[in-house]
Amino acid sequence: MLLIWAVPLFGLLLILAAFYNKLTPLTVSQKFNNQPAGEIQGSFSVGQTFYSPYPGLNSIDVLLATYQKQISGQVTFNLTEGPPDGTKLASISFDAASVEDNRFRSMEFPSLDESAGKTYFFSLEAPASRPGNAITAWTDSHNPYPEGMAYLGGNPVENDLAFVAYFQPSPWQLADIYLDRLARGKPGLWGNKAFYAVISLLYLALLGTFLAVFLRKAMGEGQEWRPRK
């Protein structure tokens, strides 16, 4: 009986593990880099547009550099929806002295639950910084990210900043993403994500029923009680 109970449970654990490995982490990234964007100081800012395929956008890492110097001054990260002049969604300030040379720096903000299917723009500016005392961001001149472009000094260029965008959708959104991936490109009924949702619910219902019956029998429920002689 224990073996019969363990087999479907083990199968469920395998399915959940496969789901988790297939879905996480949810990111959009462009990590190629071959030249610095230039000193972020005065009126010179750097930025990047990117497409968000998932809900729950909550963090962006940007590859920064200090020219192997000890830099000081305040830097501000801004996130807007749509083009660079869109609605500002987040603004994060940090000290340039905390930037590590040639390392990604994480910018975390409240999760954007409705970020799927939208275009965003992030930028870095340091208006109080001066030449020789300013950080920079790494870019790649080969335009490796076709779904967005870099902005240097407010002007769009063919370069792309090196960045990683992270997403943390809700469990229901995560399930919908997986079902969509599972059904994508398959013919007929196999291409309908509702089919996989029904199959999963049926499996869980059968497993729950089986466990309930097993536990009831294991605990001796339903047996006739007789007094000891």
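Scroll up to find the structure.
Residues numbered from 1 in each chain as written. Predicted model: local features only at pLDDT ≥ 70, side-chain atom pairs only at ≥ 80, totals over all residues. Heavy atoms only, no water.

Observations regarding the sheet that holds strand β5 (residues 74-81)
The sheet built from 6 strands is open, its strands ordered β6-β5-β8-β3-β10-β11 with antiparallel pairing. Whereas interior strands pair on both sides, the edge strands pair on one side only; in this sheet they are β6 (88-95) and β11 (155-157). When the angles between neighbouring strand axes are averaged without regard to direction, this sheet yields 20°. Bridge count for β5 against strand β8 (residues 118-125) is 6 bridges, and the pairing is antiparallel. Residue pairing across strands places T80 opposite F121, the latter belonging to β8. (Pairing = 2+ DSSP bridges. Helix = DSSP H or I, 4+ residues; strand = E, 2+ residues; numbered from the N terminus. Axes fitted to C-alpha atoms, helices over the stretch in contact; angles between N-to-C directions.)

Digging into the nonpolar core
Within soluble globular proteins, side chains that are nonpolar tend to cluster in buried spots. Membership of the largest hydrophobic core comes to 35 residues, with the highest contact counts inside it found for F50, L57, I60, L64, L79, F122 and L124. Per-element tally for this core: the top contributor is strand β4 (residues 57-65), with 4 residues. If near-sequence neighbours (up to four positions away) are discounted, F122 is found in contact with V46, G47, Q48, F50, I60, V62, F77, N78, L79, L161 and F163. (Core = buried A, V, L, I, M, F, W, Y, C linked by side-chain atoms within 4.5 Å. Buried < 20%, exposed > 50% of the residue type's maximum accessible area, 1.4 Å probe, protein only. Contact = heavy atoms within 4.5 Å.)

Some words on unusual backbone geometry
For Y67, which is not glycine, the phi dihedral falls at a positive 60°. If you trace the backbone, Y67 turns up in the loop between β4 and β5. By relative accessible area, Y67 is classed as partly exposed at 33%. One non-glycine residue with positive phi stands out, namely Q68, at about 60°. Within the secondary structure layout, Q68 lies in the loop between β4 and β5. Owing to a relative accessible area of 72%, Q68 belongs among the exposed residues under this scheme.

Remarks on the side chain of D160
Mapped onto the elements, D160 comes out in strand β12 (residues 160-161). Among buried Asp, Glu, Lys and Arg side chains, D160 stands out as unpaired, with K31 the closest opposite charge at 15 Å. Side-chain polar atoms of D160 contact the side chain of Q48, separated by 3.1 Å. Polar side-chain contacts of D160 include one of 3.0 Å to the backbone nitrogen of Y145. Residue contacts for D160: discarding those within four places in its chain leaves Q30, Q48, W138, T139, D140, N143, P144, Y145, G148, M149 and A150. (Lys, Arg positive; Asp, Glu negative; His and termini not counted. Salt bridge = Lys/Arg side-chain N within 4 Å of Asp/Glu carboxyl O. Polar contact = N/O pair within 3.5 Å; in protein donor to acceptor, adjacent residues only side chain to side chain.)

Section: the pairing of β6
In terms of strand pairing, β5 meets β6 through 7 bridges, oriented antiparallel. For Q74, the partnering residue across the bridge sits in β6 and is D95. From the end of β5 to the start of β6, which pair antiparallel, there are 6 residues, and G82 there has a positive phi angle of about 80°.

Side note on the packing of aromatic side chains
Remark: the centre distance and the inter-plane angle together describe each pair of aromatic rings, the angle taken between the planes. Taken as a whole and judged by the stated rule, the model has 8 aromatic pairs. Note on F50 and F163: the rings are 5.6 Å apart at their centroids and 45° apart in plane angle, and the pair reads as tilted. Linking F50 in strand β3 (residues 46-52) with F163 in strand β13 (residues 163-167), this pair joins segments that are 113 residues apart in sequence. F163 carries the same exposure label as F50, and that label is buried. When the centroid spacing of 5.6 Å and the interplanar angle of 90° are considered together, the rings of Y145 and F163 count as edge-to-face. Taken together, the residues span a long stretch of sequence, with Y145 in the loop between β9 (136-140) and β10 (150-152) and F163 in strand β13 at a distance of 18 residues. Since its relative accessible area comes to 6%, Y145 is described here as buried. A connected cluster of aromatic rings, assembled from ring pairs, spans F50, F77, Y120, F122, Y145 and F163. The aromatic ring of F94 is capped on one face by R105, whose charged end is 4.2 Å from the ring centroid. (Phe/Tyr/Trp six-rings, centres within 6.5 Å; stacked < 30°, edge-to-face > 60°. Lys NZ or Arg CZ within 6 Å of the ring centre and 35° of its normal.)

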